[in-house]
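Below, each chain spelled out in residue letters.
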Amino acid sequence: MENTSAEQIKAETKTEVQQQIVAASRPLIPPCGGTRPDVWFAIVEANFNLANPKIIREETKYSYVLSALTPDLANELADVMIDPHPTEPYTKLKAAILKRTCLSETQKIKQLLSGQELGNKKPTQLLRQMRSLVANTTYVNEQ
């Protein structure tokens, strides 16, 4: 009877260790729904790279991102979720999220021109925020 107990404890301990290893290798994906989905995707993709093993399959990435969507954002993306792309579900979902939630160039310019306030921010924080609104923007007079 004692052998059975020792073997049972050893098996339970082995199972617990295996579960801890699996849990440690899962990426930690924060909830999506903030104002900067581009930054959120940078965090998500870093977590995919840190996972052990590294997450590279489109379907797996797609599932992780779906599980992190807020209900409002999921409703906005229902068409993409119900009928995922057969070979690139993650890539197409990411593109849809970025297209539907990022500010357009016009919106960014309006926000910039509507008057940014310093408030509790440091001047360098305000400058960084203003620069992020016009990052990657091409201007007519630029050559």
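Rules of the game
- Residues numbered from 1 in each chain as written.
- Predicted model: local features only at pLDDT ≥ 70, side-chain atom pairs only at ≥ 80, totals over all residues.
- Heavy atoms only, no water.
- Helix = DSSP H or I, 4+ residues; strand = E, 2+ residues; numbered from the N terminus.
- Buried < 20%, exposed > 50% of the residue type's maximum accessible area, 1.4 Å probe, protein only.
- Lys, Arg positive; Asp, Glu negative; His and termini not counted.
- Salt bridge = Lys/Arg side-chain N within 4 Å of Asp/Glu carboxyl O.
- Contact = heavy atoms within 4.5 Å.
- pLDDT = per-residue confidence, 0-100.

## Things to note about the environment of Thr-35
Turning to step 1, where the next piece is worked out: Inspection of the secondary structure assignment puts Thr-35 in the loop between helix 1 (2-25) and helix 2 (37-50).
Turning to step 2, where the next piece is worked out: For Thr-35, a relative accessible area of 73% translates into the label exposed.
Turning to step 3, where the next piece is worked out: Through-space distance from the C-alpha of Thr-35 to that of Thr-101 is 7.7 Å; in sequence the pair is 66 residues apart.

## Quick notes on the side chain of Lys-61
Turning to step 1, where the next piece is worked out: Within the secondary structure layout, Lys-61 lies in helix 3 (residues 58-68).
Turning to step 2, where the next piece is worked out: Buried charge without a salt bridge: Lys-61, with Glu-58 as the nearest opposite-charge side chain at an N-O distance of 5.8 Å.
Turning to step 3, where the next piece is worked out: If sequence neighbours within four positions are ignored, Lys-61 has contacts with Phe-48, Ile-55, Ile-56 and Tyr-90.

## What to know about the pattern of salt bridges
Turning to step 1, where the next piece is worked out: Applying the stated rule across the entire model yields 5 salt bridges.
Turning to step 2, where the next piece is worked out: Note that Glu-59 and Arg-57 form a salt bridge whose closest N and O atoms lie 3.3 Å from each other.
Turning to step 3, where the next piece is worked out: The exposure class of Glu-59 is partly exposed, given its relative accessible area of 35%.

## Remarks on the confidence of the model for the protein chain
Turning to step 1, where the next piece is worked out: Residues of the protein chain with pLDDT of at least 70 account for 66%, and the chain-wide mean is 78.
Turning to step 2, where the next piece is worked out: When pLDDT is averaged over each helix and strand of the protein chain, the minimum, 61, is found for helix 1 and the maximum, 94, for helix 3.
Turning to step 3, where the next piece is worked out: Within the model, the stretch residues 139-143 combines pLDDT values under 50 with 2 contacts to residues more than four positions away or in other chains.

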